[in-house]
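Chain and residue survey
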Amino acid sequence: MAGVIAQTDPTFVEVAEVWVPEEGRLVLAGGSYGALDAFAETSRGTSFGRGEGLPGKAWAEARPVVLKGFDGSYFRRTEAAKAAGLTSAVAVPVFAGSAFKAVLVVLCGDGPERIGAIEVWEERDGVLHLDDGYYGAARHFEWVSQHTQFPKGQGLVGGVWAARTPILMRDLGSGYRFVRAESAGKAGLTTGLGLPVPAPGGKTYVLTLLSALGTPIARRFEIWDARAARVGAAREAILIDGICAREGALWDDEDERRTTAWKGVVGRVLGSGVPAVETNEQAAHGYSSVVALPIHQGGELSHVVAWYC
Amino acid sequence: MPKEKLVIVGAGMASGRLLEHLFEAEPDRFEVTVFNAEPRGCYNRIMLSPVLSGEKSWSEIVTHDDAWYAAKGVTCRFGEKVVAIDRARKTVSGERGEVPYDRLVIATGSSPFIIPVPGRDLPGVVSYRDLDDTNAMIEACKPGARAVVIGGGLLGLEAAAGLRLRGMEVTVLHLSGHLMERQIDASAGYLLKQDLERRGIDVRLKASTAEILGEGRVEGVRLIDDTEIPADLVVMAVGIRPSTALAAAATLEVGRGILVDAQMRSATDPEVFALGECVEFEGAVFGLVAPLYDQAKVLAKTLLGEDDTFVLRELSTKLKVTGCDLFSAGDFAEGEGREDVVFRDPARGVYKRLVIEGDRLIGAVMYGDTADGGWFHGLIKDRADVSEMRETLIFGPAFQGGEPLDPTAAVAALQPEAEICGCNGVCKGSIVEAIGAGATDLGAVRAKTKASASCGTCTGLVEQILAVTMGGDYAAPKAQPVCGCTDITHEDLRRLIKAQELKSQPAVWQELGWRTPNGCHVCRPAVNYYLLADWPLDYTDDPQSRFVNERNHANIQKDGSYSVMPRMWGGITTPDELRAIADAADRYGVPTVKVTGGQRIDLLGVKKEDLPAIWGDLNAAGMVSGHGYTKGLRTVKTCVGTDWCRFGTQDSTGLGIRLEKMLWGSWTPHKVKLGVSGCPRNCAEATCKDVGIICVDSGFEIGVSGAAGMDVKEVERLAKVATEDEVVEWVVAFVQLYREHAKYLDRPYKWTAKVGMDWVRETLADAATRADLNHRFAISQSVYQRDPWAERTEEQQKRRYLPLADLTLEAAE
């Protein structure tokens, strides 16, 4: 099926890490570093104040931040990143209403073979504009994106905004008319995960992860609905959509999959309200790492999205 | 033993499920041939809408691929239509040849209903049933392209949401007054419409398609009201019909569908069975998947020689639009002996309604919170006795001691910029700010912000904002609510309708947390009036929310007959009018003709069925309804003025006629009567009218809020003006102020007593305010200044006045 990826391919995201506030500073709560041990070591020895470095900036500005190129920037681990071949990063703060919970940081390398996109869209004047994004080698698609705006309800980005729910789109470029389809198709992008990033003050941000066959962002995507309006008072979540390179479609309209708080990685995110990154044996479904990100909306944890590599 | 030859016509979901059951039970019993007109096997048709939207891929929804059929040894004749069935020879003929059968299953499904309008065959007009339709729609999706979806049912709305996600500009046309009217009620329909509009989908209700426009290709849709909507794609999703042509040609008995018994055996031939959407069973036809799967299970048993019986069961509905949470099950029509339990949370956009009959739950509709849908559906299906949990049923299975409904929820949901005090232009945010800065009671808020410091109608709202903001620290005094459906007062209701821009009855019920599905006989007339007064261009008057006299446009009398009273402008009539009235009285056997206190002639004792005819006759003589039955302008009583009277100072008759011609037809909170007297001798008794003008040498004295009914009261002076034009301007401004602010069923004297004459005078003293009020009145009159008699003498309308047992009515479909 389209969007299914062979596990031997390299991945678009090389590092994912979760930073949580502790006594007024951000400390590392978990990360997936692959073979980049030195960068992992540097990270473990680092903490950030509010406004410091990339995680601190996302916290202070209460908005997702894209950073392309570390030299001369506020990025604090530039040397270690350079040594590890990392060139770009995206930081996504997690807020529950006005309460700050954590920052998820993903870091990517460079190279002509790296195709994919991590984008941040921001509402201005009633439409969503590209705030910034990292596209690897998908330069034309980057240009198209910079010149595209989404009204409510249109496309993956406008759809997420209007529906206030994460959306997983398939076959972005293959014959179907994803709004940026033609360019996405040429870039080899196949699967798109869009999710709302609620921020204090009600400003609208939408984050998209657009995955390509050659350098997938993930091999398995899951969207869990945890709203009380859907699952009731119990702290549970229903898998509402997902695809997997191994299992195929993960949704089942006759028999819903459920999970409960503290059960597995998704359950832990459900219980704690904080993102989680797990590696190796802790990651599930035969994958070597998983990132699970909670979305807090309307005074509750509304959804968890998870992606596995 | 040779295998039985089983031929199945159709490879839809029911057919696929049947094969699964058969192969699971006895894999080697049948030699199966499956015909399918579509060039593919079984897929999950109900998931086509996520494929349309891009949220699923085609490969994900294939349930039985070629490999599956091959592994089971099924002969697939896909992409081949069956042209005939010969029951005598027991053969099925496809386009590429004949196959014999021992048992035959017809599972031809359904076909979309295409509304018979001109242009329906144009390229670009598609239905929505299968993958080919879906692909045709996807192909039509180009940036900026426009789609019109005809039909706001399940399929239509899923198509609309999918096309919108694909980037199209989408308009949904729906014939009924709310979306998905077969599955949900008006309140849920209101929330659904809001949700779709938030996605940028244009939803038009009561929209009837007249024609699909285009030359060589679809270019637009024209509605019967001549609105034209441009379109590059038109999707017809108005319903389905069982596909029965093949069965009928084989002389199988067909009603709406192929008639079958509870074992899915055709009524005509014991070796021929039917399954799925092409079937009719006990008068029912099928469109949802659950009963199809039940049928497949029963038919598998039947074919295997086992006993099973298909029974109709309660179905539930969900809409597959990401982010739309909707659930309905059972029967939720209003009816005798049925009781509603309603829960609304305006802030979260939640609506839940349960319908209870006796001790059983028989229906459930929910929007925005569907967590307990499955549980309610279970109670409906099981016909469970719910008497023990009746009080708390709506809170669902996890109920832990439910909270009472919060009457302040509507105010809490208001945005900071929502205007609370219209007089002084104070918004909610300013009041909250003042409370934060230490204004902790009404007096302090009033002193700080001026909110509720003028007419005072927003006092209740300010108190609620105090309650919401201060929590337990503030106890609001008890006020008289509109009725048992709500805790909101009339004054708050009017203010909230304006502040939240509520423009329909379902909007009021939902956003203000009404406890009943559709209001009651007390609140509906008030809400109907407030909506039409505040939003004349957006809201359509609802006759069902009116008292019987207003609905019939005539006063019902104690013997059940009606009175008919034409308007006599300013009390002036002509010999021709008098002749026409006399002729009408003769023709319709009117027993009593009375000259009224309002200077008009009343025909009393007219039979209901004669009303349209007598109106028609009076219309023909140039007369219009006198509105002797309305909460609106009744009469303008005049004296003869300077034309004839020695004492007259002005043309009081002319002014009265002018005022009456200006004001007639307008709806008001209660009836409004005017008087214009040509001199202070006051022959027109203007000083006890709602609005009374006394002409004097130097101009006109305008008095308002008089009364001469249960209460007797002299008018209070509003203003003195020099010219007739000014009189008209002031009077219209006063009437419009009364229309916009008064509680329903308060005459002007009661209203001014509440808000204070000083406030009325101050407000109207401002020329710009008067001009605005006149402008808004003119807008309202552009909609409502119509003669109800003329409208009701048309053929269609006449029927409403005929006795119920009229046998000339055409049979309903």
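Residues numbered from 1 in each chain as written. Chains lettered and ligands numbered in written order. Predicted model: local features only at pLDDT ≥ 70, side-chain atom pairs only at ≥ 80, totals over all residues.

Per an unreviewed UniProt entry, chain B goes by the name Assimilatory nitrite reductase (NAD(P)H) large subunit and belongs to Pseudoroseicyclus aestuarii. For the record of chain B, the UniProt heading Pathway (unreviewed entry) holds the text "Nitrogen metabolism; nitrate reduction (assimilation)." According to the UniProt record, the Sequence similarities (unreviewed entry) comment for chain B reads "Belongs to the nitrite and sulfite reductase 4Fe-4S domain family." (UniProt positions renumbered as here; feature names shortened; annotations may be inferred.)

Going by the annotation in an unreviewed UniProt entry, the name recorded for chain A is GAF domain-containing protein, with Pseudoroseicyclus aestuarii given as the source organism.

A short note on unusual backbone geometry
Backbone geometry places A:Arg164, a non-glycine residue, at a positive phi of 55 degrees. Relative to the helices and strands, A:Arg164 is located in the loop between α5 (155-163) and β10 (167-169). Even without a glycine there, the phi angle at B:Glu685 is positive, about 50 degrees. Along the chain, the position of B:Glu685 falls in the loop between β33 (672-677) and β34 (691-696). For B:Glu685, a count of 16 C-beta atoms within 10 Å corresponds to the partly exposed category. (Helix = DSSP H or I, 4+ residues; strand = E, 2+ residues; numbered from the N terminus. Buried ≥ 20, exposed ≤ 12 C-beta atoms within 10 Å, placed from the backbone.)

Comments concerning helix α9 (residues 289-303) of chain B
Structural remark: α-helix, 3.6 residues per turn; residues separated by three or four positions point the same way. All names here are of chain B. For α9, spanning 15 residues, the distance from its first C-alpha to its last is 21 Å, which sits close to the expected 21 Å at 1.5 Å a residue. Within α9 the residues assigned to the buried category are Val289, Pro291, Leu292, Gln295, Ala296, Val298, Leu299, Ala300, Thr302 and Leu303. Among the structural elements, α1 (13-25), β7 (103-106), β19 (272-274) and β20 (279-280) are those in contact with the buried residues of α9. Gly305 occupies a position one or two residues after α9 and carries a positive phi of about 80 degrees. (Expected span 1.5 Å × (residues − 1). Contact = placed C-beta atoms within 7 Å.)

So, the pairing of β33(B)
The two faces of a sheet get side chains in turn, since along a regular strand they alternate between them. Residue and element names in this part refer to chain B. The element β33 is largely enclosed, with a buried count of six among its six residues. Residues of β33 alternate between two faces, with Val672, Leu674 and Val676 on one and Lys673, Gly675 and Ser677 on the opposite face, all of them buried. Across four bridges, the pairing between strand β32 (residues 633-638) and β33 is parallel. Residue pairing for β33: Leu633 is matched across the bridge by Val672. Read as a crossover between parallel neighbours, the route from β32 over helix α21 (residues 652-663) to β33 is left-handed. Sheet analysis places β33 next to β34, joined by four bridges and oriented parallel. Bridge pairing links Gly675 to Gly692 in β34. (Pairing = 2+ DSSP bridges. Right-handed = clockwise from strand over helix to strand, strands pointing away.)

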